[in-house]
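Each chain is listed here by its residues.
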Amino acid sequence: MSETATRPSALIHTIYGEFVRRLGGWISIADLIALMAELDVDGPAVRSAISRLKKAETLLQERREGTGYRLGPQLGPVFDEGDRRIFHSLEPAALKDGWVVAVFSVPESERAHRHQLRSRLSWLGFGNAAPGVWLAPARLLPDARRLLERLELSAYVHLFTSDYAGFAELRDAVSSWWDLPAIESQYTAFTDSYRPLKEELARGPRPDEVTAFRAYVPMLTEWRRLPYLDPGLPTELLPADWNAVQARRVFVELHDLLAEPSLRHVVKVTGLEQHPAR
């Protein structure tokens, strides 16, 4: 299990994104500390992480029957986008659907925006074809548009949709635009960490709610980075033994086993009312 999957702030993000949003959007600090204790994170570490998230306006303090926190309003679209990438974009893109191309030019006096554009497009899964030219499978166009508008960066960017017309072999070009070995190493790490858990659960009875929660939250925390590193390139352009297929299978099977009992556990701990599922 990586450091990411055990970092308190990352675990809190997962708890809010996967559970708290479906339970009204607010949780008391006492209940959050209780849930985090089951993930082997102590109270002081939770409070320290909450303080940082509050300072970043990721979480907003709100008193009800006790002190608690809800997500900042700007996080709603971020988590909605995350749901689409994490749970609904597991299959590779179709080559016939083409590409979205982002071309940007930023004045030297505003070079901080240049860095922000590069980092955010990379975070979305775009590959870098040339200076100021980034591309991704066309299905990422809506996510790119929403992100650039939300960050007020759209004035610097032109978005196009296109097909590849030459001259290099597209498969060779793709391998230079994306660091495929780095993506594969992340998938390998995930599979190595969680395939034994999947096999163990497949042999035995379904886990109880607490066991499911303790397994599911770190697993989802680890997984939710990967759909952003990997844009879901068409199968024809990937290595024959592309290991994302196996990693996705592990994730889907664990999600199917663990998600619902984990949610039931959070409902029991918090007493919050469940809202309609996403």
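The structure under discussion appears in the preceding block.
Residues numbered from 1 in each chain as written. Predicted model: local features only at pLDDT ≥ 70, side-chain atom pairs only at ≥ 80, totals over all residues. Heavy atoms only, no water.

**Observations concerning the overall build of the protein chain**
Counting its secondary structure elements, the protein chain contains eleven helices and seven strands. The C-alpha radius of gyration of the protein chain comes to 20 Å, within 12% of the 19 Å expected for a compact globule of 278 residues. Seen through its principal axes, the protein chain has C-alpha atoms that stretch 60 × 50 × 30 Å. The buried share of the protein chain, taken over its 278 residues, is 48%. When contacts within the protein chain are restricted to residue pairs at least 6 apart in sequence, those whose partners lie at least 24 apart make up 78%. Of the accessible surface of the protein chain, which amounts to about 14000 Å², a share of 52% is contributed by carbon and sulfur atoms. Counting 34 positive and 37 negative side-chain charges, the protein chain places the averaged centre of each group 4 Å from the other. (Helix = DSSP H or I, 4+ residues; strand = E, 2+ residues; numbered from the N terminus. Rg over C-alpha atoms; globule rule 2.2 N^0.38 Å. Buried < 20%, exposed > 50% of the residue type's maximum accessible area, 1.4 Å probe, protein only. Contact = heavy atoms within 4.5 Å. Areas by Shrake-Rupley, 256 points an atom, 1.4 Å probe, with all protein chains shown as cover. Lys, Arg positive; Asp, Glu negative; His and termini not counted. Charge placed at Lys NZ, Arg CZ, Asp CG, Glu CD.)

**Remarks on the environment of proline 107**
Turning to its location among the elements, proline 107 is positioned in the loop between β4 (99–104) and α5 (111–124). In this structure the C-alpha to C-alpha distance between proline 107 and tyrosine 156, which are 49 residues apart in sequence, comes to 9.2 Å. In contact with proline 107, other than residues within four places in its own chain, are Arg114 and Tyr156.

**Side note on the pairing of strand β6 (residues 133–137)**
Consecutive side chains along a regular strand alternate between the two faces of the sheet. Here β6 lies mainly inside the structure; four of its five residues are buried. Bridge count for β4 against β6 is five bridges, and the pairing is antiparallel. Considered in β6, the bridge of valine 100 is made with alanine 136. (Pairing = 2+ DSSP bridges.)

**Remarks on the nonpolar core**
In terms of nonpolar packing, the biggest core is built from 65 residues, with Ile12, Ile15, Tyr16, Leu32, Met36, Val46 and Phe190 touching the most fellow members. Among the elements that make up this core, the one with the highest residue count is helix α11 (residues 244–270) (ten residues). Contact partners of isoleucine 12, with chain neighbours within four places excluded, come to Leu32, Met36, Val46, Ala49, Ile50, Leu53 and Leu59. Membership of the second largest hydrophobic core comes to 18 residues, among which are Leu121, Leu153, Tyr156 and Val157. (Core = buried A, V, L, I, M, F, W, Y, C linked by side-chain atoms within 4.5 Å.)

**A closer look at the environment of arginine 70**
Looking at the element boundaries, arginine 70 is found in strand β3 (residues 67–71). For arginine 70, the contacting residues outside a window of four places in its chain are Tyr16, Gly24, Gly25, Trp26, Thr58, Leu59, Leu60, Glu62 and Arg64. Separated by 2.9 Å, the side chains of arginine 70 and glutamate 62 make a polar contact. (Polar contact = N/O pair within 3.5 Å; in protein donor to acceptor, adjacent residues only side chain to side chain.)

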